[in-house]
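# Reading the structure
One-letter residues, chain by chain:
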Amino acid sequence: MTSLDKPNDQQREGADARSATEAALFEAFGGVRGMVETTLPGLVFVALYTVKRDIHLAAIAALSLSVLLVAVRLLRKDTLKHAFSGVFGVAVGAVFAMMSGDAKNFHLPGMIYTFGLSLGYIVSAIAGYPLIGLILGPVFKENLSWRTRNPGRKVAYIKASWAWGLILLAKSAVLFPLYWWGDATQLGWVRMALGIPPMLLSVYLTWIFLSKAPPPIDVFAEMEAEEAAERAAKAQGSGGAVVGAHTDGPLGGIVTGERSHDSSPPR
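Residues numbered from 1 in each chain as written. Predicted model: local features only at pLDDT ≥ 70, side-chain atom pairs only at ≥ 80, totals over all residues. Heavy atoms only, no water.

### Describing the nonpolar core
- F29, I132, L136, Y157 and W164 are the most contacted members of the largest nonpolar core, which totals 17 residues.
- Of all the elements in the fold, those that place two or more residues in this core are helix 1 (5-29), helix 6 (131-136), helix 8 (151-181) and helix 10 (196-211).
- Considering every element that reaches this core, the biggest residue donor is helix 8, with five residues.
- Among the nonpolar cores identified, the runner-up in size contains 14 residues, and F45, A58, V90 and F106 belong to it. (Core = buried A, V, L, I, M, F, W, Y, C linked by side-chain atoms within 4.5 Å. Buried < 20%, exposed > 50% of the residue type's maximum accessible area, 1.4 Å probe, protein only. Helix = DSSP H or I, 4+ residues; strand = E, 2+ residues; numbered from the N terminus.)

Laid out in structure tokens, this is it:
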């Protein structure tokens, strides 16, 4: 390999690592489709309530759409993790709105969840157990190895958790005043506008931090290698015992680590 080839190889390795990080992030957070499926039922609720001013109609339509999206995933045999979380959020919001008679309460459970999640990110980063690391560790097959064996990666997870926490906290700082002093239509449209962009910004910053961090330690591959080594050691041990067994003359004999007795007839 020439000196000109080395930078190209390093660039390819860096590009591969960034691509793997991007794919893992989209897998963990549902990708563009997951974001759309999470936002679309809320958008239907806001649009119908803005036009009809009927809480029950808007809530039932939003919940029906959310269930339909889950059914489509079932038919296509796709992952249901993000779809079910979306149905649960829409269902709770719909119940809150219909029972209270206030359309603003459709958004309240999601707002409380967002605020609690922002605090979780910040507190976990301060404590040294960044929530992003706990979420993405299994995705990258590193589990918690980043805490003790990969300090550069731990720093990246802490930075990413701070980013998520502050972005979601800023989102809450915009929405809660609207919940208290604004009307349902204003709150709904602002919440829809603040749905996907903060998520994309958080994912992008996480990608930036992780792409500059050391690569993850694949603990699953390490465990498989250890198990393979143990199996090989056991196979060698059992193979040695088999090699030590042999016949000596017509009566046969077995060597067990001691010198075998001479089976020839006495003179």
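Still to come is the rest of the account.
### So, the packing of aromatic side chains
- Tallied over the full model, the rule gives eight aromatic pairs.
- Between W146 and Y157, the aromatic rings sit 5.3 Å apart at their centres with planes inclined by 65°, giving edge-to-face as the arrangement. Within this pair, whereas W146 is found in helix 7 (residues 145-148), its partner Y157 is found in helix 8, the two being separated by 11 residues in sequence. In terms of burial, W146 and Y157 fall into one category: buried.
- By the ring-pair criterion, three or more aromatic residues cluster together here, those being F115, F176, W180 and W181.
- The ring of F140 is capped by R153, whose NZ or CZ atom sits 4.8 Å from the centre of that ring. (Phe/Tyr/Trp six-rings, centres within 6.5 Å; stacked < 30°, edge-to-face > 60°. Lys NZ or Arg CZ within 6 Å of the ring centre and 35° of its normal.)

### Here's the deal with unusual backbone geometry
- We note that R53 has phi near 60°; this positive angle belongs to a residue other than glycine.
- Look at N143: it is not a glycine, yet its phi comes out positive at around 50°.
- For N143, the position within the fold is in the loop between helix 6 and helix 7.

### Some points on the side chain of R73
- On the secondary structure map, R73 appears in helix 3 (residues 55-76).
- Among the polar contacts made by the side chain of R73, one reaches the side chain of E37 at a distance of 2.7 Å. (Polar contact = N/O pair within 3.5 Å; in protein donor to acceptor, adjacent residues only side chain to side chain.)

### Observations concerning the pattern of salt bridges
- Taken as a whole and judged by the stated rule, the model has three salt bridges.
- Note that E37 and R73 form a salt bridge whose closest N and O atoms lie 2.7 Å from each other. Remark: R73 occurs in helix 3 and E37 occurs in helix 2 (residues 31-52); sequence separation between them is 36 residues.
- R149 is the salt-bridge partner of E222, the closest N and O atoms lying 2.8 Å from each other. Taken as a pair, E222 in helix 11 (residues 219-243) and R149 in the loop between helix 7 and helix 8 lie far apart in primary sequence, 73 residues in all.
- E222 sits in the partly exposed class, given a relative accessible area of 30%. (Salt bridge = Lys/Arg side-chain N within 4 Å of Asp/Glu carboxyl O.)

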